[in-house]
Amino acid sequence: MNTRGPADKGLHLFPFRGLRYVPERVGSLAAVTSPPYDVVVRPDGLLHLESADPHNIVRLILPQADSATARHEQAAATLQRWLAEGILAPDSEPALYVYEQRNGEILQRGVVGALALSGPAEGIVLPHEDVMAHVVEDRADLMRTTAAHLEPLLLTYRSDGDATGATAVIERTIQCPPLLATTTEDGFSHRLWAVTDAADRAEIERDLAGRQALIADGHHRWATYLRLQREHTVPGPWDFGLVLLVDTARYPLRVRSIHRLLHGLPVRDALAALDGLFRVRTVEGPLPRALDALAAAAAEGNAFLLAGDGAFHLADRPDQALLARTVPADRPAAWRTLDATVLHSALLDHVWRIPDDPSRIAYIHDTAAAVEQAERHDSTAVLMHPVREEVVRDLARQGVTMPRKSTSFGPKPATGLVLRSLALG
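Along each chain, residues carry numbers from 1 onward, in the same order as the chain's sequence is written. Where totals are concerned, whole chains, interfaces and linings use all residues; where local detail is concerned, this predicted model gives features only for residues with pLDDT of at least 70, and gives and counts side-chain atom pairs only at 80 or more. Calculation of side-chain values draws on the structure's entire complement of heavy atoms; hydrogens and water are dropped beforehand.

Student: Which residues make up the sheet that holds strand β3 (residues 88-90), and what values do they have?
Tutor: Pairing between two strands is assigned when DSSP locates at least 2 bridges connecting them. The numbering of helices and of strands both runs from the N terminus, where a helix is a DSSP run of H or I of at least 4 residues and a strand a run of E of at least 2. Spatially, four strands are ordered β3-β2-β21-β7 in an open sheet, and the strand pairing comes out antiparallel. Strands with a single pairing partner mark the edges of an open sheet, and in this sheet they are β3 and β7 (148-149). Across three bridges, strand β2 (residues 18-21) lies against β3 in antiparallel orientation. Residue pairing in the sheet places L19 in a bridge with P90 of β3. Along the sheet, helix α4 (residues 68-85) makes contact with β2, β3 and β7, crossing β3 at roughly 75 degrees. Note on definitions: a residue-residue contact is assigned when non-hydrogen atoms from the two residues lie within 4.5 Å. Angles shown run from 0 to 180 degrees and are taken between the N-to-C directions of axes, each axis being a line fitted to C-alpha atoms and, for helices, limited to the stretch in contact.

What follows is the structure in structure tokens.
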């Protein structure tokens, strides 16, 4: 139940008692972390994480069992066992957390906290993608059963770029020794600090009070937060969601694509269906070179790179009559011309006639993995070119959502560094 009134517009981030791994009880902090649940898409990736440490966080976010109910109950039992055994423990007092990720020239810093939830109509937290009902259902049952937020969403906002407010607190905080520091196998270093000083927290609160946030990563989890909030009519911990807030004026994010793997559609059939509707030509590999060709074509209009038969096929210059009869006309031009819009409205719905169902379409973040799976299963990988962040933000401010899995903002926060228990309030 949202108890804030109209005068409370803006972001309201609250401290919480974070659940964190006890370093002495695990092999290493790096070995118990994981990418977000929807990035761990391959069985071999899941097995790799499970074998890294018996307490890896994937045993909570992606438990393995014969049914959804059994999986979620297993996750809840595992969480309770780890708490009883001292593998995980709550911090002694509520805090906001400064979180830093670094890899070479990439540097991201933000604040982790419990954000007061708000619906789309309030215009405080802006979604930019549609969600899939079955994923929200699964995440809702997992959160409901574990009574925990196991991984933070990634939200962005834009300040004036000055070193004031939350930025000032962050830059003071990082001068102190961190609560934890680790380097994960992807080369990213991670550091976490607790902000418990009342004046620092008040400075962050004042800064965020007039801000508007964009969901960069975690649309399904945000939709899940709102769904579970509606289930609890008494004000309480379900009115808040675990988030990482990043000021992209200070720490710009990278925007990458999420690719499609079309099960049961061989590349030869996909190409044959495009005859006369797109210009199709084979481009030279290896993969990075083919992606350069995709980027060049995408600068001129809609373009896709198809793979799965050992070669790379560039499809661009769609037939305008096809777009006119398949792409809905009641949306802004920026939405109608998105690659994801053209892919779903024209190609998937009308040309290839593939339903947007998990049995037919997989969404894969890693480009090489999408190609490899397509080749292994005689299917088609549709590789996408990323959308610019300003396009995403502009559509979100208009209340227009993009097709699901249109973007991948990063770097994404590592899962397992700090959790939020709903039982702790």
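Student: Go over the side chain of S345 with me, naming the residues and quoting the values.
Tutor: Topologically, S345 is positioned in helix α13 (residues 339-351). Judged by its relative accessible area of 11%, S345 is buried. For S345, the residues in contact, after removing those within four places along its chain, are T326, V327, P328 and H350. The rule is simple: take the accessible area with a 1.4 Å probe, protein chains only, and divide by the maximum for that residue type; under 20% is buried, over 50% is exposed, in between is partly exposed.

Student: Explain the packing of aromatic side chains residue by residue, including any values.
Tutor: Here the aromatic set is Phe, Tyr and Trp, taking the six-membered ring for Trp, and pairing holds for ring centres within 6.5 Å; pairs whose planes are under 30 degrees apart are stacked, those over 60 apart are edge-to-face, and all others are tilted. Applying the stated criterion across every chain yields a total of five aromatic pairs. With a centroid separation of 6.2 Å and 50 degrees between ring planes, the pair formed by Y21 and W82 is classed as tilted. Taken together, the positions of Y21 in strand β2 and W82 in helix α4 put the pair 61 residues apart, joining distant regions of the chain. Side by side, Y21 and W82 carry an identical accessibility label, which is buried.

Student: Can you tell me about the environment of I215, naming the residues and giving the values?
Tutor: Summarising the element assignment, I215 is placed in strand β11 (residues 213-217). In the structure, I215 is positioned 87 residues away from H128 in sequence and 7.0 Å away in space, judged by C-alpha atoms. Once residues lying within four places of it in the same chain are set aside, the contact partners of I215 are V125, L126, P127, H128, L154, L155 and W222.

Student: How would you explain helix α14 (residues 367-376) if you had to name every residue and give the values?
Tutor: Buried residues of α14: T367, A369, A370, V371, Q373 and A374, and no others. Next to the buried residues of α14 lie β14 (259-262), α10 (287-298), β16 (303-307), β17 (312-316), β18 (361-364) and β19 (380-383). Put simply, D366 is the residue that caps the front of α14, since its side-chain oxygen is 3.3 Å from the backbone nitrogen of A368. Taken from the residues just after α14, D378 is the one with a positive phi, measuring 55 degrees. Distance and chemistry together define a polar contact, namely a pair of N or O atoms within 3.5 Å, with one atom able to donate a hydrogen and the other to accept it when in protein, and with adjacent residues in sequence counting only for side-chain atoms on both sides.

Student: So what's going on with helix α6 (residues 165-173)? Which residues, and what values?
Tutor: Along an α-helix, a turn takes 3.6 residues, which lines up residues three or four apart on a common side. Counting buried positions over the nine residues of α6 gives seven, a clear majority of the element. The complete set of buried residues in α6 reads G165, A166, T167, A168, V169, I170 and T173. Contacts made by the buried residues of α6 are with β4 (96-103), β5 (106-116), β8 (153-157), β10 (189-195), α7 (198-208) and β12 (240-247).

Student: Give a description of unusual backbone geometry that names residues and reports values.
Tutor: Following G285, the chain continues to P286 via a peptide bond in cis, the omega torsion being 0 degrees. Secondary-structure assignment places P286 in the loop between β15 (279-283) and α10. The phi dihedral of R317 is positive, around 50 degrees, even though this residue is not glycine. In this structure, R317 sits in the loop between β17 and α11 (320-326). Accessibility expressed as a relative area gives 59% for R317, which makes it exposed.

Student: Report on the packing of helix α5 (residues 133-146) against helix α8 (residues 219-231), specifying residues and quantitative values.
Tutor: α8 packs onto α5 with a crossing angle of 60 degrees between their chain directions and a minimal axis gap of 9 Å. The angle between α5 and α8 falls in the class oblique. As for how α5 packs across α8, the hand of that crossing is right-handed. In this structure, α5 contributes V135, V136, E137, R139, A140, M143 and R144 to the contact, and α8 contributes H220, R221, A223, T224, Y225, R227, L228 and E231. Ten residues, namely Ala, Val, Leu, Ile, Met, Phe, Trp, Tyr, Cys and Pro, are considered nonpolar, four, namely Asp, Glu, Lys and Arg, are considered charged, and the remaining ones, Gly among them, are considered polar. In the contact of α5 with α8, the residues fall into seven nonpolar, two polar and six charged. For classification purposes, angles smaller than 35 degrees are called roughly parallel, those larger than 145 roughly antiparallel, those between 65 and 115 roughly perpendicular, and all remaining angles oblique. Note: crossing handedness is left-handed where the near helix turns anticlockwise from the far helix by less than a right angle, and right-handed where it turns clockwise.

In short, shape yes, function no, at least from these values alone.
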